[in-house]
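Notes for the structure review
One-letter residues, chain by chain:
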Amino acid sequence: MHRRGEESPRQADDRDGVPAPFAVVEEAVESIGTTLNERTTCAELARFLCREICEAAAVDLLTEDVPTSRPAAGTAPLVRAAAAGRASLLEPWTPPFAEDRPLSVRALDEGHPITASVDLSGGEHRSATSVPLIAHGRLYGAVLAVRAGKPFDAPETATLHYATRLAAVHIGHDRRHTAVQSTALNLQRALLAEPGRPHPNLDVATRYLPSGGGALVGGDWFETVRLHFGRTLLVMGDVMGHGLDAAVDMNAYRSMLRYVASTDLPPHRVLRQLDVAVAEDGSRRPATCLLVRVDPARDTVALVSAGHLPPVVFGADGTGTLVDVPVGPPLGTGIGGYEQLTRALDPDETLLMYTDGLVERRHEDIDVSLARLAGLALPPGATIQQVLDEVLHRLDAYRAEDDVAVLAARIHRRRPAGTS
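The present account deals with the structure reproduced in this document.

Observations concerning the overall build of the protein chain
When helices and strands are tallied, the protein chain shows ten helices and 17 strands. Among the 420 residues that make up the protein chain, the fraction classed as buried is 50%. A fraction of 68% describes how many contacts in the protein chain between residues 6 or more apart in sequence connect residues 24 or more apart. About 18900 Å² of surface is accessible on the protein chain, with carbon and sulfur atoms providing 52% of the total.

Structure, rendered in C-alpha cells:
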C-alpha cells in the first residue's frame, strides 16, 4: 500500500468554505443527536455519513475531552465508539500507514482534517478523510470516513465537516448534562446518607431511589430529629423542580428545619417558621413537607402537611390506611395556615412517609395512585425493612419516572414492668 496524496491544512480550510447542501443539513439535524447519550450520537453520525457520502465510517472518542489549546497527543487514548458500513474498508486505516500515525490520530493530534488516497494491491483505490470532533473549544475525538474510488469532493467534504461539528456539539451537551446530574446526585446522596438518629424507642428505615432514564435528580429528602422526652420528629420533603439547584435548596431546607425543630415547637409551628423564613429569603424554590412527631411514651403521632401527600399506616395484619392529614400550602408561599392532627400509633403498626415518585403515574388520577398504595396487602408480621422492600417492589419504584424517597417508622413495644 502506498500513499498517493494528502490534503494540506490550507486545502482543508478552503473546502470548509463550501456549504453542505441544505437538504443534507436538514437530514443531519434531524438524525444526529436525538438523545442525550454520546454513544447514540456517535452511532447516528456514522450511519448518516454512510448514507450520504461514504461506504464506511468510524467514530473514535478520547476517554476524556481536552481543550483545543492543549495538544491532544498522549493525553488520552482513542476508543472506538461507533462504526457503520463495510468494516473491511476501515481496517487499512487502523494501523499506521507509511511512516505516519493512523489517520484519525493525525487529525486528532494536529487539530484539523486529514485526507489521504491509497492504492491497494489488486488495483483497488480507496479514499479517506478524518475530521476531529471539536466544539466550544473542546476536543472529543475523531471521525473517519472511507470509500472505494475517487476522493471526496468539496460538497461531500462540507457535509462531513458539518455533521461532525453537529455531533461534537451534542456530545458536549451530553457531557455537561451528565456532569451536572452527577454533581446533583452525589450531593443528594451525601445529604441523605446520614439522617439524624431517632431515639432508641423508635425503629426507622429509609430508602432513596434516583429516577432512571434522562431525568435530572430532584429535591427529595428525609430527616429525623431527636426531641425532648423521648420524642422524635420525622420529616419528608420534596423541593419543586430538578437538578443541582433543587438539590442545593433541599440542603437549605434541611438545615433550616434542624434549627427550627431544635426549639421543640409543635410540628405545625415548625412548618410556619419554615414557611416564613423561606418566603422572606425569596431565593428558594417552594417545597412540600410532611412532619410527624412520634411520642412512644403515649403511642401517639402528631402530623402536619405543607402540600405533601398523606402517609400510610400499615397494621400488623399488613393492611394499609391513608392518614387524612389537613393539607396546608407548600413552604415558601408565606401563607401559613397549617393544622395539626394527632392520632394513635400502635407498636404493631408501621408509619410510611414518601415522596410523589413512589405513587404518581402519568395520566392517572392521584386518588387512584394513593388507593393502590393503601390497598397493598403486605405480609403479616413483616419487619420494618420488609415493609419497605414490599412497597418498593410492588409499586415498581425501581423504574419510577421520578425520584423516590421513603421512610418507615415503628414504635418499640414497651416491656412490661419487672421484665429484663
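What about the sheet that holds strand 16 (residues 350-354)?
With respect to topology, five strands assemble into an open sheet ordered 7-17-16-12-13, the strand pairing being antiparallel. Two strands bound the open sheet, and with one partner strand each, they are strand 7 (202-209) and strand 13 (320-322). Between one strand axis and the next, the sheet turns through 20° on average, direction left out of account. Here strand 16 pairs with strand 17 (residues 404-411) via four bridges, running antiparallel. Across the sheet, residue Met 353 finds its bridge partner in strand 17, namely Leu 407. Packing of helix 10 (residues 384-394) onto the sheet brings it into contact with strand 7, strand 12 (312-314), strand 16 and strand 17, and relative to strand 7 it is tilted by some 30°.

Notes on unusual backbone geometry
One non-glycine residue with positive phi stands out, namely Asp 264, at about 65°. Tracing the backbone through its elements, the reader meets Asp 264 in the loop between helix 7 (244-261) and helix 8 (267-281). Here the phi dihedral of Asp 299 falls at roughly 55°; this positive angle occurs in a residue that is not glycine. Its location among the elements puts Asp 299 in the loop between strand 10 (287-295) and strand 11 (300-306).

Here we look at the pairing of strand 16
With respect to burial, strand 16 is a largely interior element, five of its five residues being buried. Burial along strand 16 is two-sided: the face carrying Thr 350, Leu 352 and Tyr 354 and the face carrying Leu 351 and Met 353 are both buried. Sheet analysis places strand 12 next to strand 16, joined by three bridges and oriented antiparallel. Each bridged residue has a counterpart across the sheet, and for Val 313 the counterpart in strand 16 is Leu 351.

Notes on helix 10
When we look at burial in helix 10, the residues that qualify are Ile 384, Val 387, Leu 388, Val 391 and Leu 392. All buried residues of helix 10 lie within an arc of 120° about the axis, which places them on one face of the element. Against the buried residues of helix 10 lie strand 7, strand 12, strand 16, helix 9 (366-374) and strand 17. Asp 396, located one to two residues past helix 10, shows a positive phi value of around 55°.

So, the environment of Val 404
Along the polypeptide, Val 404 turns up in strand 17. A residue is classified by how much of its surface remains accessible, and Val 404, at 0% relative accessible area, is buried. Expressed as a C-alpha distance, the spacing of Val 404 and Arg 207, which sit 197 residues apart in the sequence, is 7.9 Å. When near neighbours in sequence (up to four residues on either side) are disregarded, Val 404 contacts Arg 207, Tyr 208, Leu 209, Asp 220, Thr 355, Gly 357, Leu 358, Leu 392 and Ala 397.

Considerations on the pattern of salt bridges
This model, assessed by the stated rule, comprises 19 salt bridges. In this structure, Arg 86 engages Glu 55 in a salt bridge whose closest nitrogen and oxygen atoms are separated by 2.9 Å. Placement of Arg 86 in the loop between strand 3 (78-85) and helix 4 (87-90) and of Glu 55 in the loop between helix 3 (38-52) and strand 2 (56-67) is noted, with a sequence separation of 31 residues between them. Relative accessible area serves as the criterion here: at 29%, Glu 55 is assigned to the partly exposed category. Residue Arg 362 is joined to Glu 401 by a salt bridge in which the shortest nitrogen-to-oxygen separation is 3.2 Å. On the criterion of sequence distance, the pair formed by Arg 362 in the loop between strand 16 and helix 9 and Glu 401 in the loop between helix 10 and strand 17 is long-range, its members being 39 residues apart. Across the pair, Glu 401 and Arg 362 agree in class, each one exposed. Ionic contacts of the salt-bridge type, sharing partners, join the residues Glu 38, Asp 65, Arg 138 and Arg 175 into one network.

Details of the packing of helix 2 (residues 22-31) against helix 3
Following both chains from N to C, one finds helix 2 and helix 3 inclined at 155°, their axes separated by 10 Å at the closest point. In terms of their interaxial angle, helix 2 and helix 3 are classed as roughly antiparallel. Handedness of the helix 2/helix 3 crossing: right-handed. Of the residues in helix 3, those touching helix 2 at Val 24, Glu 27, Ala 28 and Ser 31 are Glu 44, Phe 48, Arg 51 and Glu 52.

Cut-offs applied
- Residues numbered from 1 in each chain as written.
- Predicted model: local features only at pLDDT ≥ 70, side-chain atom pairs only at ≥ 80, totals over all residues.
- Heavy atoms only, no water.
- Helix = DSSP H or I, 4+ residues; strand = E, 2+ residues; numbered from the N terminus.
- Buried < 20%, exposed > 50% of the residue type's maximum accessible area, 1.4 Å probe, protein only.
- Contact = heavy atoms within 4.5 Å.
- Areas by Shrake-Rupley, 256 points an atom, 1.4 Å probe, with all protein chains shown as cover.
- Pairing = 2+ DSSP bridges.
- Axes fitted to C-alpha atoms, helices over the stretch in contact; angles between N-to-C directions.
- Arc of directions from axis to C-beta.
- Salt bridge = Lys/Arg side-chain N within 4 Å of Asp/Glu carboxyl O.
- Parallel < 35°, antiparallel > 145°, perpendicular 65-115°, else oblique.
- Left-handed = near helix turned anticlockwise from the far one by under 90°.

Any functional reading would require information that these geometric values do not contain.
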